[in-house]
Amino acid sequence: MSAFNYVAKDNKGKKLKGVIEADSARNARLTLRERGLFPVQVEQATDEPKEGNSGSFSLTVGNPMGGTKLALFTRQMATLIDSGVPLDEALATAAAQSEKAATKRLILKVRAKLVEGHSLAASLAIAPGSFNGLYRALVKAGESSGLLGQVLEQLADYLESRLDTQQKMMGAMVYPIVLVIVAVGIVGFLMTSVVPDIVGVFVRNNQELPTLTQVVITISDFMVAYWAYLVIAISALGFGLNRWLTSESMRPKWHAFLLGTPVIGKLIQSIDSARFASTLSILVRSGVNLVEALTIASEVMNNLAMRKASQQVVERVIGGTSLFKSMQDAEVFPLLLVHMVGSGERSGELAPMLAKAATHQERDLNTKLAAFMALLEPAMILLMGGIVMMIVFAVLMPMFEMNNMVKL
């Protein structure tokens with residue numbers, strides 16, 4: 001069975017749009033007529049986005065399972081399966097409860113593949129842009145072990161935790177971004193409107209101006225005369241710099257440089273280590289073999305230097321080196337994470353220790369993120385305050401000189 005998009009009219013002539021499941025377009029039309037609808041258009045659903053990074057979950061608007069929708073779907077499936085509902089019925093229920101038509105179409109397409117006799121993991125593979133390698137590997141492990149409901153519960157917890165961390169990071173950046181926009185707006189207004197009017201009085205009186213005031217006037221005149229060219233130049237410079245830093249040749253070097261910076265590097269290390277630990281934890285707990293789990297976990301890292309180091313860990317583990325020694329030699333993972341992994345290996349309880357390590361890394365990330373924002377906010381305030389103070393001094397200094405001359 002397949003999912004079909006339809007446009008139909010009811011007995012009052014009102015147009016209705018939706019998704020219906022059927023063996024063919026002809027059967028879809030017959031089903032619509034049985035419901036008292038007149039089909040106007042029936043087309044097979046084909047709107048699955050392409051697969052991106054195999055280890056990261058897309059938050060794009062065009063993804064039917066983007067954002068919170070994937071976590072909600074996973075939680076629904078876990079609850080239904082734990083309640084004893086058959087897989088095909090669970091998928092049909094999840095589709096019926098979906099608010100978005102694109103999400104409903106995608107679930108019905110997966111169900112159609114399942115009904116044909118494929119496993120759930122294989123059925124999910126028809127939509128790699130929504131159900132990535134990590135997701136499918138966990139589902140496959142759950143099906144193999146007979147603990148699909150429990151694995152989906154763990155996966156839902158993992159997805160919700162990832163979303164919560166992403167939302168915290170985005171929320172933490174809101175205030176600095178707003179501050180920059182407001183500060184730039186204020187400085188731009190002062191330089192293009194206030195400074196020319198005030199300083200123009202001194203210029204007309206042929207008063208000799210201080211060096212700072214002359215510099216500010218020059219900048220102000222330039223901004224007033226060439227503001228459009230300035231905006232274009234800054235935009236072009238930003239676009240070109242972004243293209244250069246994200247090019248195949250420069251991107252690895254740029255990521256390695258960022259990882260080596262004092263403050264930002266530690267934050268990047270915490271972010272990617274938290275992703276690596278939490279992903280590896282849920283994979284190992286779900287029964288995925290260590291090499292495959294490490295391979296998938298390495299793909300969740302955004303920093304290419306961290307990803308390369310984690311891929312080298314995989315190669316060393318395949319070669320017979322312990323996970324602890326491999327991570328220690330990589331020299332990019334936090335020491336506490338490495339030693340917790342070593343403790344888990346020695347005790348034979350790697351999965352529980354990885355879970356504890358993942359929890360610790362998440363806490364450490366939140367702590368470092370809060371500390372970073374605590375430093376960033378006052379630094380930006382001081383920077384913008386310094387610029388405004390310079391402009392104010394440039395305006396006031398001629399006034400002070402004029403007052404001194406009057407007193408004399």
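Residues numbered from 1 in each chain as written. Predicted model: local features only at pLDDT ≥ 70, side-chain atom pairs only at ≥ 80, totals over all residues. Heavy atoms only, no water.

1. Quick notes on the overall build of the protein chain
For the protein chain, the helix and strand inventory stands at 15 helices and 3 strands. Sequence-distant contacts in the protein chain: of pairs separated by 6 or more residues, those separated by 24 or more amount to 62%. For the protein chain, the exposed area adds up to about 22,000 Å²; of that, 61% sits on carbon and sulfur atoms. (Helix = DSSP H or I, 4+ residues; strand = E, 2+ residues; numbered from the N terminus. Contact = heavy atoms within 4.5 Å. Areas by Shrake-Rupley, 256 points an atom, 1.4 Å probe, with all protein chains shown as cover.)

2. Side note on the packing of aromatic side chains
Summed over all chains, the structure comprises 6 aromatic pairs. Here F73 and F131 contribute two aromatic rings whose centre-to-centre distance is 5.8 Å and whose plane-to-plane angle is 55 degrees, an arrangement assigned as tilted. Remark: F131 occurs in the loop between α5 (120-124) and α6 (133-145) and F73 occurs in helix α2 (residues 68-82); sequence separation between them is 58 residues. With a relative accessible area of 6%, F73 lands in the buried category. Residue F131 is classed as buried on the basis of its relative accessible area, which comes to 1%. Their ring planes at 40 degrees and their centres at 5.0 Å tell us that F276 and F333 sit as a pair that is tilted. With a gap of 57 residues between them, F276 in helix α10 (residues 262-285) and F333 in the loop between α13 (323-330) and α14 (335-347) connect regions that are remote in the sequence. Neither F276 nor F333 differs from the other in exposure class; each is buried. What links up through ring pairs into an aromatic cluster is the set F73, F131 and Y135. (Phe/Tyr/Trp six-rings, centres within 6.5 Å; stacked < 30°, edge-to-face > 60°. Buried < 20%, exposed > 50% of the residue type's maximum accessible area, 1.4 Å probe, protein only.)

3. As for the packing of helix α9 (residues 251-260) against helix α12 (residues 304-318)
Relative orientation of the contacting elements α9 and α12 amounts to 95 degrees, with a least axis distance of 7 Å. The angle between the axes of α9 and α12 places the two elements in the roughly perpendicular class. Seen from α9, the contacting residues are R251, P252, H255, A256 and L259; seen from α12, they are L304, A305 and M306. Residues of the contact of α9 with α12, tallied by class, amount to 6 nonpolar, 1 polar and 1 charged. (Axes fitted to C-alpha atoms, helices over the stretch in contact; angles between N-to-C directions. Parallel < 35°, antiparallel > 145°, perpendicular 65-115°, else oblique. Nonpolar A, V, L, I, M, F, W, Y, C, P; charged D, E, K, R; others polar.)

4. Structural notes on the pattern of salt bridges
Close approach of charged atoms lets side chains of opposite charge pair. Applying the stated criterion to the full structure yields 6 salt bridges. Notably, a salt bridge pairs R75 with E160, separated by 2.7 Å at the nearest N-O pair. On the criterion of sequence distance, the pair formed by R75 in helix α2 and E160 in helix α7 (residues 148-204) is long-range, its members being 85 residues apart. One salt-bridge network, held together by shared partners, links R75, E153, D157 and E160. (Salt bridge = Lys/Arg side-chain N within 4 Å of Asp/Glu carboxyl O.)

5. Quick notes on a nonpolar patch on the surface
Side chains of V174, V178, V182 and I186 sit close together on the surface and give an oily, nonpolar patch of about 320 Å² of accessible area. Looking at the secondary structure, you find V174 in helix α7. (Patch = residues over 30% accessible without salt bridge, like charges linked within 9 Å, V, L, I, M, F, W, Y side chains within 5 Å.)

6. A word on the confidence of the model for the protein chain
When pLDDT is averaged along the protein chain, the result is 80, and 90% of the positions lie at 70 or above. Here residues 49-55 is modelled with pLDDT under 50, and outside its nearest four sequence neighbours on either side it reaches 22 contacts, counting other chains as well. This model gives residues 57-61 a pLDDT under 50, and the stretch forms 16 contacts once residues within four places in sequence are excluded. (pLDDT = per-residue confidence, 0-100.)

7. A few points about the side chain of T74
You can see T74 is positioned in helix α2. For T74, a relative accessible area of 0% puts it in the buried group. Engagement of the side chain of T74 in a polar contact is seen with the backbone oxygen of L70, the distance being 2.7 Å. Once residues within four sequence positions are removed from consideration, T74 is found in contact with Y135, L152, L155, A156 and L159. (Polar contact = N/O pair within 3.5 Å; in protein donor to acceptor, adjacent residues only side chain to side chain.)

8. Topic: the packing of α10 against helix α11 (residues 290-298)
Two elements in contact, α10 and α11, have axes separated by 9 Å at closest approach and are oriented at 150 degrees. As judged from the angle between their axes, α10 and α11 are roughly antiparallel. When the axes of α10 and α11 are compared, the crossing they make is right-handed. Only L290, A293, L294, I296, A297 and S298 of α11 make contact with α10, whose side of the interface consists of F276, T279, L280, L283 and V284. Across the contact of α10 with α11, the residue classes tally to 9 nonpolar, 2 polar and no charged. (Left-handed = near helix turned anticlockwise from the far one by under 90°.)

9. Looking at unusual backbone geometry
Here E331, not a glycine, exhibits a phi torsion of approximately 60 degrees, which is positive. Note on placement: E331 falls in the loop between α13 and α14. E331 gets classed as exposed once you look at its relative accessible area, which sits at 69%.

10. What about the environment of V341?
Structurally, the position occupied by V341 is in helix α14. Here the alpha-carbon distance between V341 and S322, two residues 19 residues apart in the chain, equals 10.0 Å. With near-sequence residues (within four places) excluded, V341 lies in contact with L323, F324, M327, L350 and L354.

11. Some thoughts on α13
Of the positions making up α13, those classed as buried are L323, F324, S326, M327 and A330. On an axial view of α13, the arc spanned by its buried residues comes to 165 degrees, and they lie on one face. Directly after α13, the chain includes E331, whose backbone phi takes a positive value near 60 degrees. (Arc of directions from axis to C-beta.)

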